[in-house]
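Geometric and topological summary
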Amino acid sequence: MDNWDEIRTAYQVARHGTVSAAATTLGVHHSTVIRHVDALEAQLGVKLFQRHARGYTPTEAGQDLLQVAATTDDQFAQLEGRLRGRGAAVTGELVVTALAEVSSLVAPVLVAFQERNPDVTVREIADERVLKLEYGEAHVAIRAGRAPQEPDNVVQKLARMPAAGFAHRRYVSSHGELRDDADLARHRFIGVGGEDARAPTAVWMRANLPPDRITYHVSHQRGVLDAVRAGGGIGFLPVWRGRAEEGLVELMPPRDDWASNLWLVTHVDLHRTAKVQGFVKLLKEAARGWPAA
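Since this is a predicted model, take the numbers as computed values, not measurements. The written sequence of each chain sets the order in which its residues are numbered from 1. Local features in a predicted model are, by the rule used here, given only for residues with pLDDT of at least 70; side-chain atom pairs are given and counted only at 80 or more, and totals for whole chains, interfaces and linings are based on all residues. Neither water nor hydrogens contribute to the side-chain values; these are computed over all heavy atoms in the structure.

Some words on the nonpolar core
So the rule is basically this: Buried Ala, Val, Leu, Ile, Met, Phe, Trp, Tyr and Cys residues form a nonpolar core when they are joined through side-chain atoms within 4.5 Å. Partly exposed residues are those whose accessible area sits between 20% and 50% of the maximum for their type, while under 20% is buried and over 50% is exposed, using a 1.4 Å probe and protein chains only. Segments assigned H or I by DSSP are reported as helices when at least four residues long, segments assigned E as strands when at least two residues long, and all are numbered from the N terminus.
Residues Val96, Leu158, Phe279, Leu283 and Trp290 are the most contacted members of the largest nonpolar core, which totals 25 residues. Put simply, the parts of the chain that give this core at least two residues each are strand E3 (92–98), helix H5 (103–116), strand E5 (140–144), strand E6 (153–161), strand E12 (260–267) and helix H10 (274–287). Take this core: its biggest share by element is 6 residues, from H10. By size, the runner-up hydrophobic cluster in this structure holds 18 residues, among which are Tyr11, Val33, Leu65 and Ala69.

Things to note about the environment of Leu225
Under the convention used in this document: Residue contacts follow a heavy-atom distance rule, with two residues in contact if any of their heavy atoms lie within 4.5 Å.
Here Leu225 shows up in helix H8 (residues 222–229). A sequence separation of 94 residues divides Leu225 from Leu131, and the C-alpha atoms of the two residues are 24 Å apart. Among residues more than four places away in sequence, those in contact with Leu225 are Leu237, Arg241, Glu245 and Leu248.

Some points on the sheet that holds strand E11 (residues 248–252)
Under the convention used in this document: Whether two strands pair depends on DSSP finding at least two bridges between them. Axis definition: a line fitted to C-alpha atoms, over the contacting stretch in the case of helices. Angles run 0 to 180 degrees between N-to-C directions.
One open sheet accounts for 3 strands, arranged E10-E7-E11; its pairing is antiparallel. Here the strands that pair on one side only, and so sit at the sheet edges, are strand E10 (235–238) and E11. Taken pair by pair, the neighbouring strands of this sheet meet at an average axis angle of 55°, ignoring direction. Of the pairings in the sheet, the one linking strand E7 (residues 163–168) to E11 comprises 4 bridges and is antiparallel in character. Across the sheet, the residue bridging to Gly165 is Met252, located in E11. In this fold H8 packs onto E7, E10 and E11, with an angle of close to 120° to the strand it touches most, E10.

Observations regarding the packing of aromatic side chains
Test applied: Two rings belonging to Phe, Tyr or Trp (six-membered ring only in the last case) form a pair when the distance between their centres is within 6.5 Å. Interplanar angles under 30 degrees mark stacking, angles over 60 mark edge-to-face geometry, and anything in between is tilted.
Tallied over the full model, the rule gives 5 aromatic pairs. Both rings, one in Trp204 and one in Trp258, keep their centres 5.3 Å apart while their planes meet at 75°; by these two values the pair is edge-to-face. Linking Trp204 in helix H7 (residues 200–208) with Trp258 in the loop between E11 and E12, this pair joins segments that are 54 residues apart in sequence. Each member of the pair, Trp204 as well as Trp258, carries the same accessibility label: buried. In this structure an aromatic cluster arises from ring pairing among Trp204, Phe236 and Trp258.

Focus: the packing of helix H2 (residues 19–26) against helix H3 (residues 30–44)
Axes are the key here: two packed helices are described by the angle between their axes and the distance separating the axes. As a reminder, the rule being used: The scheme is simple: roughly parallel for angles under 35 degrees, roughly antiparallel for over 145, roughly perpendicular for 65 to 115, oblique for anything else. Side-chain classes follow a simple rule in which Ala, Val, Leu, Ile, Met, Phe, Trp, Tyr, Cys and Pro form the nonpolar group, Asp, Glu, Lys and Arg form the charged group, and the remainder, Gly included, forms the polar group.
For the pair H2 and H3, interaxial distance at closest approach is 8 Å and the crossing angle is 105°. By the angle between their directions, the pair H2 and H3 is classed as roughly perpendicular. Contact residues: H2 offers Val19, Ala22 and Ala23, while H3 offers His30, Val33 and Ile34. Across the contact of H2 with H3, the residue classes tally to 5 nonpolar, 1 polar and no charged.

Describing the pattern of salt bridges
For clarity, the cut-off: Salt bridges are counted wherever a side-chain nitrogen of Lys or Arg sits within 4 Å of a carboxyl oxygen of Asp or Glu.
All chains considered together, the criterion is met by 14 salt bridges. The partner of Arg35 in a salt bridge is Asp152, with the nearest N and O atoms 3.1 Å apart. Remark: Asp152 occurs in the loop between E5 and E6 and Arg35 occurs in helix H3; sequence separation between them is 117 residues. On the basis of relative accessibility, which here comes to 25%, the residue Arg35 falls in the partly exposed class. In this structure, Arg213 and Asp212 form a salt bridge, with 3.8 Å as the shortest nitrogen-oxygen distance. One connected set of salt bridges, linked through shared partners, spans Asp38, Glu41, Lys47 and Arg51.

Some points on the pairing of E7
Where burial is concerned, most of E7 is hidden: 6 out of the 6 residues are buried. Side chains of E7 alternate between two faces, with Ala163, Gly165 and Ala167 and Ala164, Phe166 and His168 buried alike. Judged from the 4 bridges that link them, E7 and E10 form a sheet pairing that is antiparallel. Paired with Ala163 across the two strands is Pro238, which belongs to E10.

As structure tokens, then:
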């Protein structure tokens, strides 16, 4: 066995007889308890509990687990006491996951945090994939779009990221300016994410552009900047990014319905640790200074 969290969860369910009581003891959401028990039963290939209206009753296999777990409960308690003291220390690794397009905003905050806490190693994962905080894949996530709904996570609105339409000056010299929406049909656009993309700018393009005007497609948002730089057409970029790029022309000013919300996400079990709270505080302070338009 290599997942002691799941064993400990099952032990608490056996002790208390209900998922809610075990969740209260462990300080986690009840869905975490159910997930741990189901995962442990799947791993062992046996039923540990009989489920009924009054709660959970250990099976014979569950009783065996209870006896073994009880002998180590004191060791867990001692370990928790030792680790509690370490929880106040800002050491070890801090893993932050964010979309590639906000990496340039997050990196200075990570550097500032590390300068204040030199014993911390930082790891930034700039990825489109949604990492699972409940499995420890990251301490902090910065996500865009709709507010995340995972029950075990603490979700806070971090910032609003406006977008605008940019093209390289080489493209503008060949195709001209974009005067108004009536002029859209003679320009070339860069699409991202396919027909089911949910980014506000992708939704707008599907609703307002003839399909044959989206002539360059990329699979990820980070490819839009490369395509725009190469003169592939008009692409939607975060305002702060597009305006900072030499050679780009802002052909389409930002609109409210193009902006994306950025969400700060932490797992409930780690949210109040000194390390996570220290970084979150710095990140919120920095976000207040990020360009709003």
